[in-house]
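Breakdown of the fold
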Amino acid sequence: KESESEIALALPEEAKQGYASEILEEAVEAELTPEEQARLDVLAELERSQMPAVQKEGGGVLKTIEHYTFADSLDVATIAIELDKDLYEGAAEFVKDELVEVSSKANEVVVVLRGVPAAKSVPTLADWTLRLCPLCHSVEPSETAWKLRKGKVSVKLRKKKPQEWRRAVK
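Residues numbered from 1 in each chain as written. Predicted model: local features only at pLDDT ≥ 70, side-chain atom pairs only at ≥ 80, totals over all residues. Heavy atoms only, no water.

As for unusual backbone geometry
Between Cys 133 and the following residue, Pro 134, the backbone shows a cis peptide bond with an omega angle of -10 degrees. Of note, Lys 150 is a non-glycine position whose phi angle comes to about 50 degrees, a positive value. Within the fold, Lys 150 resides in the loop between strand E8 (145-149) and strand E9 (152-158). (Helix = DSSP H or I, 4+ residues; strand = E, 2+ residues; numbered from the N terminus.)

What follows is the structure, encoded as structure tokens:
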């Protein structure tokens, strides 16, 4: 019989994204050696975003939003980015409504946070991007809505057909 950590490690990366990743991380941590746990403790002290920034064409810096929360109801799927948790501690103070861009197509949603520092200790401004494609099922792009409130960007995607989504992306 496979242990929970073996099952968690065997899942595709898309399945580990969002709120499920925290549950999987806890299952994996339950069976770590002291050395592995020490390594994770050191990594936890680093900033949340571990992906390197990349130079975009024409200058500027791009960062990937690696973490988000997915919530599902029959008619709407919601993607939420808790700025201080999912980017880095203190990120929320830099994000204003005019810096948020959300676009969607039938099977894709893109969230861009323009001109936000690349890290807590790095003043270089970056465009932080979350791109989810292909979505689990189709949405109505014209009915996509978002809001920024209390340090969280929430994107509501109206489903073309009322149905349960087990995750955000296929």
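Don't stop here, the text continues.
Points about the confidence of the model for the protein chain
Put simply, the protein chain has an average pLDDT of 81, and 71% of its residues get 70 or more. Low pLDDT, under 50, characterises residues 1-21; the predicted model gives this stretch 28 contacts beyond four residues in sequence or across chains. (pLDDT = per-residue confidence, 0-100. Contact = heavy atoms within 4.5 Å.)

Remarks on the side chain of Glu 108
Mapped onto the elements of the fold, Glu 108 is located in strand E6 (residues 108-119). Residue Glu 108 is classed as buried on the basis of its relative accessible area, which comes to 11%. If sequence neighbours within four positions are ignored, Glu 108 has contacts with Ser 103, Arg 131, Leu 132, Cys 133 and Leu 135. (Buried < 20%, exposed > 50% of the residue type's maximum accessible area, 1.4 Å probe, protein only.)

Points about the environment of Leu 113
As for its placement among the helices and strands, Leu 113 is situated in strand E6. Of the residues examined, Leu 113 reaches a relative accessible area of 0% and is grouped as buried. Once residues within four sequence positions are removed from consideration, Leu 113 is found in contact with Ile 65, Leu 83, Leu 87, Val 95, Leu 99, Val 100, Ala 126, Asp 127, Trp 128 and Val 153.

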